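Commentary on secondary and tertiary structure
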Amino acid sequence: MKYDVVVVGAGTAGCLAAKTAAEAGLKVCLIERKSQKEIGEKICGDALGEHHLKTLGLGAPQHGELETRIEGVKIYSPDLETVFTIKHEDFSGYLLNRRLFGQWLLKLALDRGAVLYDLTQCLEPIIENGFVAGVSAKNMRTGEKIRFEGKTVVDASGFVAVVRRKLPKAMGIENEVSNEDVEACYREIRQLKQEVKGKNYCEIYLNQKVTPGGYTWLFYKGSAKVNAGLGVCMHGEFPNPKNQFYRHVLTNPLFDGSLLLDGGAWYDPTRRPLDNMVGNGVIITGDAACLVNPIHGGGIGPSMLSGYLAGKTIAEALEKGDLSKEALWPYNVRYMADYGTKQAGLDVFRMLLLTCRDEDLNYGMKYQLLTEEDVLKAGLGEEFHLNITETAKRVFRGLKRIRFLNRLRITVNLMREVKAHYGNYPKTPEKFENWRLETVSLFEEARSKLVE
């Protein structure tokens, strides 16, 4: 079977890639190992910022896909004594009915002419003359092997990254992601005995003893339902997230008499994007390209954006009859200019939070060594400045925690350096290697200064 574009995975990135490419008149197929009716079902936090829909020119779906409106995020200190309320249009949006939302995105792609092959498992990329020329797959109904030939392939297969992991090294795309850059997560949807009023903020709880390098979340979905879960960094000897959830979250009186509606575990790659996401005839998108927000782990919006950019870039390249790495390079440039720079800066901020002791966070939040505005600006990918007057105040307040204050200062400076570096992302592959080496150096410096 021959197509212009073979998209592996019918998740948020895959559906947007297929929709965008099909809109441009290309012959597109979507390969998905789930059955069609299961598409959209995913262990997930289910939160989506409204601005992502606006950026992509998508009207809000109207048939139950959006369950609850959220106004922002509340972040709780480990001792629960301090709460930061982060309210901004980038942090407001919806909690989704994940299956219905996935079905809506799928319909957008199919309505534009994309063809779906469900219950079809991608096995590996087909490499010919240094180009990805399609994928081999298996029909899970019959066991039959199928060959999908494509002028280009989009890896939208999520964390498993079935195409990316099997690309030859010569493609210049990272095959593996370090465990230290991955969160192991466990989540349940719970039906409470009664509705909890006034819960229109996503709640995030920091506690290094419960969730080392991660956090616990409670997202209230309406109809007395809660999306509750936690993530832990897979660094060294990390605890089992399901055990932590049952030991520390379900013991909350909130869950007395609650019913389990759905539960499960998954992995979240919380780091900067892959330095390069394209090769000859291939583009990597969504979780497969590590496009999750490094701080809160949200990946639906960036995945959708990456799918859209992939489809757009492929359509432009096919018009010129060139699907080389050079022709697909604008995808890298576009993504880095938009979200990539922000995510790289947040990766530095993540390193600070990874190793913050609970007593530092308690003190820092209580006495405003780290302020709500700092967290908001960091979350928006904006610079937050420690000006001289402000620094003097913080030092005076923070004499007991001068080490934490010093690490905060280092973080701010490194975030600024990283963002300036990403602002100079190479416009062509020729200058990429020098840029990549400098990237490695910057993040090694951040790790040595911030991660103990």
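Data block above holds the structure.
Residues numbered from 1 in each chain as written. Predicted model: local features only at pLDDT ≥ 70, side-chain atom pairs only at ≥ 80, totals over all residues. Heavy atoms only, no water.

Before going further, it helps to examine the side chain of aspartate 4. Structurally, the position occupied by aspartate 4 is in strand 1 (residues 2-8). With sequence-adjacent residues up to four places away left out, aspartate 4 is seen in contact with Leu26, Lys27, Gly150, Lys151, Thr152 and Leu318. (Helix = DSSP H or I, 4+ residues; strand = E, 2+ residues; numbered from the N terminus. Contact = heavy atoms within 4.5 Å.)

Strand pairing in a sheet relies on backbone hydrogen bonds, with the paired strands running either antiparallel or parallel. Ordered in space as 3-7-4, the 3 strands form an open sheet in which the pairing is antiparallel. The outermost strands of the open sheet, each flanked by one partner alone, are strand 3 (47-49) and strand 4 (66-70). In this sheet, neighbouring strand axes are inclined to one another by 30 degrees on average, regardless of whether the strands run parallel or antiparallel. Inspection of the sheet shows strand 4 paired to strand 7 (residues 93-96) by 4 bridges, in the antiparallel sense. Note that in strand 7 the partner of leucine 66 across the bridge is leucine 96. (Pairing = 2+ DSSP bridges. Axes fitted to C-alpha atoms, helices over the stretch in contact; angles between N-to-C directions.)

Our next topic: the state of the cysteines. Counted according to the given criterion, the structure contains 0 disulfides. Unpaired in this structure, cysteine 185 has its nearest cysteine sulfur neighbour in cysteine 44, at a distance of 9.9 Å. Sulfur of cysteine 202: no disulfide; nearest cysteine sulfur belongs to cysteine 44 and is 11 Å away. The exposure class assigned to cysteine 202 is buried, which follows from its relative accessible area of 4%. (Disulfide = S-S within 2.5 Å. Buried < 20%, exposed > 50% of the residue type's maximum accessible area, 1.4 Å probe, protein only.)

Let us look at the packing of helix 1 (residues 12-23) against helix 3 (residues 98-111). Running from N to C, helix 1 and helix 3 cross one another at 20 degrees; their axes reach a closest spacing of 8 Å. Put simply, helix 1 runs roughly parallel to helix 3. Read as a crossing pair, helix 1 and helix 3 show a hand that is left-handed. On helix 3, the residues that touch Thr12, Cys15, Leu16, Ala18 and Lys19 of helix 1 are Arg98, Phe101, Leu105, Leu106, Leu108 and Ala109. (Parallel < 35°, antiparallel > 145°, perpendicular 65-115°, else oblique. Left-handed = near helix turned anticlockwise from the far one by under 90°.)

At their nearest, the axes of helix 6 (residues 325-355) and helix 8 (residues 372-380) sit 8 Å apart, and the two run at 135 degrees to each other. As the angle between them shows, helix 6 and helix 8 are arranged oblique. Residue-level contacts link Lys342, Leu346 and Phe349 of helix 6 to Ala378, Gly379 and Leu380 of helix 8. For the contact of helix 6 with helix 8, the per-class residue count stands at 4 nonpolar, 1 polar and 1 charged. (Nonpolar A, V, L, I, M, F, W, Y, C, P; charged D, E, K, R; others polar.)

It is generally the case that most residues other than glycine have a negative phi and that most peptide bonds are trans. Its identity is not glycine, yet leucine 80 carries a phi of approximately 65 degrees, on the positive side. Following the sequence through the fold, leucine 80 ends up in the loop between strand 5 (72-76) and strand 6 (83-86). Located in the positive-phi region is alanine 224, a residue other than glycine, with phi close to 60 degrees. Its location among the elements puts alanine 224 in the loop between strand 14 (215-222) and strand 15 (225-233). A relative accessible area of 8% places alanine 224 in the buried class.

In terms of burial, strand 15 is largely enclosed, as 8 of its 9 residues are buried. In terms of strand pairing, strand 14 meets strand 15 through 7 bridges, oriented antiparallel. Note that in strand 15 the partner of phenylalanine 219 across the bridge is asparagine 227.

To continue, consider the packing of aromatic side chains. Tallied over the entire structure, the rule returns 18 aromatic pairs. Plain terms: the ring middles of tyrosine 186 and tyrosine 246 are 6.4 Å apart, the flat faces sit at 50 degrees to each other, and that makes the pair tilted. Of this pair, tyrosine 186 sits in strand 12 (residues 182-191) while tyrosine 246 sits in helix 4 (residues 241-249), placing them 60 residues apart in sequence. Looking at tyrosine 246, the relative accessible area reads 36%, which means it is partly exposed. Both rings, one in tryptophan 329 and one in tyrosine 425, keep their centres 5.9 Å apart while their planes meet at 20 degrees; by these two values the pair is stacked. (Phe/Tyr/Trp six-rings, centres within 6.5 Å; stacked < 30°, edge-to-face > 60°.)

Enumeration over the complete set of coordinates arrives at 33 salt bridges. The closest approach of N and O atoms between arginine 112 and glutamate 23, which form a salt bridge, is 2.9 Å. With arginine 112 in the loop between helix 3 and strand 8 (115-117) and glutamate 23 in helix 1, this residue pair connects regions lying 89 residues apart in the sequence. Residue classification places glutamate 23 among the partly exposed positions, given a relative accessible area of 43%. For the salt bridge of lysine 107 with aspartate 111, the shortest nitrogen-to-oxygen distance reads 2.7 Å. One end of the pair is lysine 107 and the other is aspartate 111, both in helix 3 and 4 residues apart, which spans about a single turn. (Salt bridge = Lys/Arg side-chain N within 4 Å of Asp/Glu carboxyl O.)

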